[in-house]
Structures are given as structure tokens and as C-alpha cells.
Amino acid sequence: RSRNCSKPARRSTAALRKLFPALAAFSLLSWGASAQAQMQPVTAAQLGEAVGACVLATQGDTDIGEALAASGWETATVSSDEGPVDMGGLTIRGRSDNSAVIMTNEADDETGGGCVVTARLASTDMYHPSAEAISRNLGAPVSREDNTYYWMVEGRAAQLAPTGSRDEPSLRFFIMQSKDSE
């Protein structure tokens, strides 16, 4: 029997299109090779904890920063030789017991906030098992393009993408908070 799935697919595609401007804003932050090299590889438990914290923090009208602080993610400061660096609305968070880094942006009048997990992997072989573990928690991806996975989580678009290099592989998980989270 044939099923017409075009209506749900259109909703998913529209929500995923909203993801890209927010993701582009996060992509403006460039991690240098030395910063990535200093990151320790994340364990599966640490990655699950960080992704779970972002998923919970972006539910409803929750203040993302407050939700992350409540689960132990502390705000980091960024500085250079000249002093503190203005991050332009981007906040970096970490935990002493977790190798992942969480970045968040402030919601504005047109978009909701977003939450990004960046993590170094022990090897490139760890990427697809990481995607499978995330899928066990979020459900099956709505789309996959090459090695980039996309999910819809209660109306919020999420993405997992490989980053880094073959020698220093890493990943980025992003989930947006809907401005109208009804």
C-alpha cells in the first residue's frame, strides 16, 4: 500500500531550514587547531550527558543558560593577551568532569536560542556509533546527507556533523530552541 508522507516531510523540511541561520551563527566561531588539539576525546557517557543537557535546556520557554547551569555546566571566559574577548552573544560552557564543550546563543526577536555540543573523538571510527547512540535517545533521523544527520525533536531541528580532521576528529551536535515553543 502507498502512503502519502509529503505533509510531514514538508513540515520537517521547513523546520530544518530554520536551523541553518542559527547554525551559521555558531559556525562563525572558529576553533583553531591548537584549541582542538587541547581537547581530550569524549567518552560515550560524556557525549550522552552533554547532548542530553542541550536537549533538555532547549525545551519550551526554558532559559537555556539557567537550565545548563542547573545541570552543572559552568560559563567559561575567553580571553586573549589584550584581555577578555567579546563573544557577541555566544556563551561557552564546560564541566570539569566532561570533555565536551557546550556553546549557546541568546534568543533574539526573530529566532530562538540554540545549543551546540562540540567534542573531540578518539578516532573517526567513533562518529557513526555516536550518531547511533543519539538516535536511540532522539529517534530515527529525518534525514541524512553524507555524514550529517538531522532530527526533529518535539518540533525542534537538530543536527550532528563531523568536524575536525582525520588526525583530530570531532563532532558538532546542534539543537535549536523554537521561538514559539507551543
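Residues numbered from 1 in each chain as written. Predicted model: local features only at pLDDT ≥ 70, side-chain atom pairs only at ≥ 80, totals over all residues. Heavy atoms only, no water.

### Some thoughts on the confidence of the model for the protein chain
Confidence in the prediction for the protein chain averages 79 pLDDT; 74% of positions are at 70 or higher. Summarising per-element confidence for the protein chain, the mean pLDDT is lowest in helix α1 (residues 6–27) (45) and highest in strand β8 (residues 148–153) (95). Under a pLDDT of 50 for its full length, residues 1–36 has, in the predicted model, 45 contacts with residues more than four places off or in other chains. (pLDDT = per-residue confidence, 0-100. Helix = DSSP H or I, 4+ residues; strand = E, 2+ residues; numbered from the N terminus. Contact = heavy atoms within 4.5 Å.)

### Comments concerning the state of the cysteines
This structure, assessed with the given rule, holds one disulfide. Note that Cys54 is cross-linked by a disulfide to Cys115, the S-S spacing being 1.9 Å. Taking the sign of the torsion about the S-S bond as the criterion, the disulfide between Cys54 and Cys115, at about -60°, is left-handed. Within this pair, whereas Cys54 is found in helix α3 (residues 44–57), its partner Cys115 is found in strand β6 (residues 114–120), the two being separated by 61 residues in sequence. For the residue pair Cys54 and Cys115, the accessibility class agrees, reading buried in each case. (Disulfide = S-S within 2.5 Å. Buried < 20%, exposed > 50% of the residue type's maximum accessible area, 1.4 Å probe, protein only.)

### Remarks on the sheet that holds strand β9 (residues 156–164)
Sheet strands line up and pair through hydrogen bonds in the backbone, either parallel or antiparallel. Across the sheet, which stays open at both edges, the eight strands sit in the order β1-β4-β5-β6-β10-β9-β8-β7 with antiparallel pairing between neighbours. In the strand order of this sheet, the two ends are held by β1 (74–75) and β7 (143–145), each with one partner. The sheet contact formed by strand β5 (residues 98–105) and β6 spans five bridges and is antiparallel. Bridge pairing in β6 links Thr104 to Cys115. Packing against the sheet, α3 makes contact with β4 (90–95), β5, β6, β8, β9 and β10 (169–176), and its axis sits at approximately 20° to β5. (Pairing = 2+ DSSP bridges. Axes fitted to C-alpha atoms, helices over the stretch in contact; angles between N-to-C directions.)

### Things to note about the pattern of salt bridges
Taken as a whole and judged by the stated rule, the model has three salt bridges. Across the salt bridge formed by Arg156 and Glu154, the nearest N and O atoms sit 3.5 Å from each other. On the basis of relative accessibility, which here comes to 3%, the residue Arg156 falls in the buried class. Given the relative accessible area of 66%, Glu154 is considered exposed. Taken together, the shared-partner salt bridges in this structure form one network comprising Glu49, Arg95 and Asp97. (Salt bridge = Lys/Arg side-chain N within 4 Å of Asp/Glu carboxyl O.)

### Structural notes on the packing of aromatic side chains
Evaluation of the coordinates by the stated rule reveals three aromatic pairs. Ring geometry for Tyr127 against Tyr149: centres 6.2 Å apart, planes inclined by 50°, an arrangement best described as tilted. With a gap of 22 residues between them, Tyr127 in helix α5 (residues 127–138) and Tyr149 in strand β8 connect regions that are remote in the sequence. Side by side, Tyr127 and Tyr149 carry an identical accessibility label, which is buried. Pairing Trp151 with Phe173 gives two aromatic rings, centres 6.3 Å apart and planes at 55°, and the pair type is tilted. Of this pair, Trp151 sits in strand β8 while Phe173 is found in strand β10, placing the two residues 22 residues apart along the sequence. For the pair Trp151 and Phe173, a shared accessibility class is recorded, and that class is buried. Through a chain of ring-to-ring contacts, three or more aromatic side chains come together here, namely Tyr127, Tyr149, Trp151 and Phe173. (Phe/Tyr/Trp six-rings, centres within 6.5 Å; stacked < 30°, edge-to-face > 60°.)

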